[in-house]
Amino acid sequence: MPLEENHILKFLDNPVNERFNSVMVDLLIKRINDLCLKECQVDRIACTLNPMCTKRFLLKLRIKNRLGMEDLPKFCYSVHKGVVERYFKGKTVVYRPNDSFLYLIDFLDIYFHENYRRLNKFLTFKNWDEVDKIFKEKIKSGENIHYHRTDNYVLIIYNEYLHIIYLNEAYVICNANRERITSLELIEGVLKLYANISFPEVNVNINPEKTAVITQINVPYDIISNVSDNYSSKQNEVNEKISNDYYFWNKFPQDLLELTELCAAIHLDINILNDLIVKLEIDTNTHKYNDNRIQIPIRFRDLNKIIEFLNFIYNKFYVIHLDLM
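About the criteria used
Residues numbered from 1 in each chain as written. Predicted model: local features only at pLDDT ≥ 70, side-chain atom pairs only at ≥ 80, totals over all residues. Heavy atoms only, no water. Helix = DSSP H or I, 4+ residues; strand = E, 2+ residues; numbered from the N terminus. Expected span 1.5 Å × (residues − 1). Buried < 20%, exposed > 50% of the residue type's maximum accessible area, 1.4 Å probe, protein only. Patch = residues over 30% accessible without salt bridge, like charges linked within 9 Å, V, L, I, M, F, W, Y side chains within 5 Å. Areas by Shrake-Rupley, 256 points an atom, 1.4 Å probe, with all protein chains shown as cover. Salt bridge = Lys/Arg side-chain N within 4 Å of Asp/Glu carboxyl O. Lys, Arg positive; Asp, Glu negative; His and termini not counted. Charge placed at Lys NZ, Arg CZ, Asp CG, Glu CD. Core = buried A, V, L, I, M, F, W, Y, C linked by side-chain atoms within 4.5 Å. Contact = heavy atoms within 4.5 Å. Pairing = 2+ DSSP bridges. Axes fitted to C-alpha atoms, helices over the stretch in contact; angles between N-to-C directions. Parallel < 35°, antiparallel > 145°, perpendicular 65-115°, else oblique. Left-handed = near helix turned anticlockwise from the far one by under 90°. Nonpolar A, V, L, I, M, F, W, Y, C, P; charged D, E, K, R; others polar. Arc of directions from axis to C-beta.

### Quick look at helix 5 (residues 74–88)
And then number 1: With 15 residues, helix 5 should reach 21 Å at 1.5 Å per residue; the first-to-last C-alpha distance of 21 Å fits that figure.
And then number 2: Buried residues of helix 5: F75, C76, Y77, V79, H80, K81, V83, V84 and Y87, and no others.
And then number 3: One or two positions beyond helix 5, positive phi appears at G90, with a value near 80°.

Okay, structure coming up:
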């Protein structure tokens, strides 16, 4: 039987083999370097159309660990940047560049080409007045851009795609989707960015213990009080599925059940106005588990499901309540 992946993993996980682990890892690093810096780039057509690492994940490994340009396969990186740029411009690409890592200067070259050197300098030194000025000029020119900044990140939605600038690391995740989120600050930032766009009355904050992000939304008493005590399906199925009765008797419990897999906790309460309060606690882990019974970290696409829920509740129920006031 040939050597398999699980054999290597068991070897590295065995404390008895600890003194040999560095040798094993050195062999792995040498193989990766040979693959990236020699074999794959030699055939530029193959490297462009069918790289030896799926979606160039070994580039991500290097950039995330803050290796410099001198330690990257330069042709491979140039192709990778070109794929991100073509996708941004709506051109055909070999693969969709979700969760693509770029150095900050290259991201700005693609998305803010007219001012990318100036913007790179302003972001590096956190000159927020000048950063805001450039972003607002871009928005004024008709570009579909929304942004939000925190101490360590700048979050940008450009044409509905989310990009995360890591200020301290000077790299960017383009088209964030499956990448894990490792900080509450980033979770809070993403939720606040979307709240500013779609549900501004929803509160989003990190709790005092700094263990979770709390987001709270109210369903007004006027809405809740008009939901039928005894629900029964009506004849007109189309109208029924958009009714408040249908949602709160059928879809609302299902939505909450799905959110329990993503949230650390969900609280339902009634305030002094008899509004229904829905409070979600979100941390960096979900309540989903892999085959080894290890919790799966929360990802950007998990936050999308939470955002969709908040957006629906706010615009379906809360906004109507505001209009009636």
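So much for the structure itself; the text now carries on.
### Remarks on a positive patch on the surface
And then number 1: Taken together, the side chains of K55, R96, R178, R301 and K305 present a region of like positive charge at the surface.
And then number 2: Its place among the elements puts K55 in the loop between helix 3 (44–49) and helix 4 (57–64).

### Re the nonpolar core
And then number 1: Of all hydrophobic cores here, the largest spans 85 residues; its most connected members are F112, L123, I164, I306 and F309.
And then number 2: Leave out the neighbours within four places in its chain, and F112 touches F107, L119, F135, K138, I145, I156 and Y158.
And then number 3: Among the nonpolar cores identified, the runner-up in size contains five residues, and I32, L35, C36 and C53 belong to it.

### With respect to the pairing of strand 8 (residues 265–270)
Consecutive side chains along a regular strand alternate between the two faces of the sheet.
And then number 1: Here strand 8 pairs with strand 9 (residues 276–282) via six bridges, running antiparallel. Each residue of the ladder has a partner; that of H267, found in strand 9, is K279.
And then number 2: Linking strand 8 back to strand 9 in an antiparallel pair, the connection comprises five residues, with N274 at a positive phi of about 70°.

### Some details on the sheet that holds strand 7 (residues 213–219)
And then number 1: Strand order in this open sheet of four strands is 6-7-9-8, and the pairing throughout is antiparallel. With partners counted over all chains shown, the strands left at the sheet margins are strand 6 (203–206) and strand 8, one partner each. Strand after strand, the sheet turns through a mean of 20° between neighbouring axes, direction not considered.
And then number 2: Both strand 7 and strand 9 contribute to a ladder of seven bridges, which runs antiparallel. Looking at strand 9, one finds that I217 is bridged to V278.

### Considerations on the packing of helix 6 (residues 104–111) against helix 7 (residues 116–124)
And then number 1: One way to put it is that helix 6 packs onto helix 7 with a least axis distance of 9 Å and a crossing angle of 135°. Considering the angle they form, helix 6 stands oblique to helix 7. For helix 6 against helix 7, the interelement crossing comes out right-handed. Packed against helix 6, whose contacting residues are L104, I105, L108 and D109, the element helix 7 presents Y116, L119, N120 and L123 at the interface.
And then number 2: Along the lines of polarity and charge, the residues of the contact of helix 6 with helix 7 split into six nonpolar, one polar and one charged.

### Description of the pattern of salt bridges
Working definition: two side chains of opposite charge can pair if their charged atoms are close together.
And then number 1: Applying the stated criterion across every chain yields a total of 13 salt bridges.
And then number 2: Put simply, K81 and D106 hold a salt bridge, and the shortest N to O gap is 3.3 Å. Of this pair, K81 sits in helix 5 while D106 sits in helix 6, and the two are 25 residues apart along the sequence. Like D106, K81 is buried.
And then number 3: A salt bridge links D109 to K81; its shortest N-O distance comes to 2.8 Å. Placement of D109 in helix 6 and of K81 in helix 5 is noted, with a sequence separation of 28 residues between them.
And then number 4: For D109, a relative accessible area of 18% translates into the label buried.

### Regarding helix 7
And then number 1: When we look at burial in helix 7, the residues that qualify are Y116, L119, F122 and L123. Seen from one end, helix 7 has its buried residues packed into an arc of 125°, which puts them on one side.
And then number 2: Where the residues of helix 7 are buried, they touch helix 6, helix 8 (128–140), strand 3 (153–158) and strand 4 (161–166).
And then number 3: Looking at the residues trailing helix 7, positive phi occurs at K126, about 55°.

On their own, these measurements won't tell you what the molecule is for.
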